[in-house]
Amino acid sequence: MQQSGMADFIEREMQIPFSWENASCAAMADRRVQEVIGRSPLAEFGRGYNSVDLAEQWMAQPGGLIRAVKEVMRSCGFKRTSEPEENDVGLIYTHGKVCVAVFDGSQWFSRDADGFIGADVGATIVAWRIEPRGL
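Computed from a predicted structure; not experimentally measured.

So, how was this worked out
- Residues numbered from 1 in each chain as written.
- Predicted model: local features only at pLDDT ≥ 70, side-chain atom pairs only at ≥ 80, totals over all residues.
- Heavy atoms only, no water.
- Buried < 20%, exposed > 50% of the residue type's maximum accessible area, 1.4 Å probe, protein only.
- Helix = DSSP H or I, 4+ residues; strand = E, 2+ residues; numbered from the N terminus.
- Pairing = 2+ DSSP bridges.
- Core = buried A, V, L, I, M, F, W, Y, C linked by side-chain atoms within 4.5 Å.
- Contact = heavy atoms within 4.5 Å.

A. Quick peek at the pairing of strand 2 (residues 89-94). The element strand 2 is largely enclosed, with a buried count of five among its six residues. In the sheet, strand 2 pairs with strand 3 (residues 97-103) via six bridges, with the strands oriented antiparallel. Bridge pairing in strand 3 links Gly90 to Ala101. Where strand 2 folds back on strand 3, the antiparallel hairpin that results is connected by two residues, among which His95 adopts a positive phi of roughly 50°. Pairing analysis gives four bridges linking strand 2 to strand 6 (residues 124-128), with the strands arranged antiparallel. Paired with Ile92 across the bridge in strand 6 is Thr124.

This is the structure:
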């Protein structure tokens, strides 16, 4: 599977206007996983969403975004890591909110309706290894 470098990926993502359907934090992380291993965790889990209403329903369930992302990653067989590397996916806490993010090897990148978010490794709640050769 051919993948682009993280810098190219982030540059492309910055060209996509935020939308719940295509360019939220979870959609961005899912797109990166697809580039790296050729699978969509959201599609495998049946947890995709295409509207703000579906996203809000997902996050309103007990445990919210943290529990939902943990369930998706666990059910798809991704292993947790305490030392994130390039391409890994994580949950981060920054600017008073939890976001799904991708790691570029030195910092986390995420996005929300206000724009792009960068955070250092200290913002990590939990991270999962995303390896190009699969799981």
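Still to come is the rest of the account.
B. Looking closely at the nonpolar core. By size, the foremost hydrophobic cluster in this structure holds 25 residues, and its most contacted members are Phe78, Val89, Val100, Val102 and Ile130. Put simply, the parts of the chain that give this core at least two residues each are helix 1 (6-14), helix 2 (25-37), helix 5 (64-75), strand 2, strand 3 and strand 6. If near-sequence neighbours (up to four positions away) are discounted, Val102 is found in contact with Met6, Phe9, Ile10, Met28, Ala29, Arg32, Asp88, Val89, Gln107, Trp108 and Phe109. Core analysis: the next-biggest nonpolar cluster, separate from the first, contains nine residues, Cys99, Ile117, Ala123 and Ala127 among them.

C. How the structure looks around the pairing of strand 6. Note: strand 1 (residues 80-81) against strand 6, two bridges, orientation antiparallel. Across the sheet, the residue bridging to Thr81 is Ala127, located in strand 6.

D. Examining the environment of Lys70 more closely. Structurally, Lys70 is set in helix 5. You can call Lys70 partly exposed: its relative accessible area is 28%. Excluding anything up to four places from it in sequence, Lys70 contacts Arg80, Leu91, Val126 and Trp128.

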